[in-house]
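# Structure at a glance
Here are the chains, one letter per residue:
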Amino acid sequence: MNWHERAACRSEDPELFFPVSDDGSSLLQIERARQVCHRCPVLRECRGWALRNGETDGVWGGLTPRQRRELSVPDPAGA
Ligand code: SF4
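Parameters at a glance
Residues numbered from 1 in each chain as written. Predicted model: local features only at pLDDT ≥ 70, side-chain atom pairs only at ≥ 80, totals over all residues. Heavy atoms only, no water. UniProt positions renumbered as here; feature names shortened; annotations may be inferred. Buried < 20%, exposed > 50% of the residue type's maximum accessible area, 1.4 Å probe, protein only. Helix = DSSP H or I, 4+ residues; strand = E, 2+ residues; numbered from the N terminus. Salt bridge = Lys/Arg side-chain N within 4 Å of Asp/Glu carboxyl O.

Looking up the protein chain in an unreviewed UniProt entry gives the name Transcriptional regulator WhiB, with the organism given as Streptomyces bungoensis. Its UniProt record gives the protein chain the following Sequence similarities (unreviewed entry) comment, quoted word for word: "Belongs to the WhiB family." Of the protein chain, the UniProt comment under Function (unreviewed entry) reads exactly: "Acts as a transcriptional regulator. Probably redox-responsive. The apo- but not holo-form probably binds DNA."

Put into structure tokens, the structure is as follows:
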């Protein structure tokens, strides 16, 4: 079975996972999306997919675009 088929967000409004920003009036929406992610059985698979594919929009695996960018910053030492 594909991990997408076990996603908790399948029964949610997709708009919930695509806030217009990372702050301000979007914070409540982001928190609601993250609550769904944190009860999702495929959070790790989803997060890994978003990080590997450089997904730039939306909440994936409980992470906002900003949080994913921070995790994806290359090591300056090149390690
Ligand atoms: S972690 Fe969040 S965005 Fe990813 S599949 Fe689960 S509910 Fe959907």
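What follows concerns helix α2 (residues 43-52). Taken together, the buried positions of α2 are occupied by Leu43, Cys46, Gly48 and Ala50. Glycine 54 sits one or two residues past α2 and shows a positive phi near 60 degrees.

What follows covers the pattern of salt bridges. The final tally for this structure, using the stated rule, is four salt bridges. Notably, a salt bridge pairs glutamate 45 with arginine 6, separated by 4.0 Å at the nearest N-O pair. With glutamate 45 in helix α2 and arginine 6 in the segment before α1 (27-37), this residue pair connects regions lying 39 residues apart in the sequence. For arginine 6, a relative accessible area of 38% translates into the label partly exposed. Here arginine 39 makes a salt bridge to glutamate 12, at a shortest N to O gap of 3.1 Å. You can see arginine 39 sitting in the loop between α1 and α2 and its partner glutamate 12 sitting in the segment before α1, a full 27 residues away along the chain. Judged by relative accessible area, which is 52%, arginine 39 ranks as exposed.

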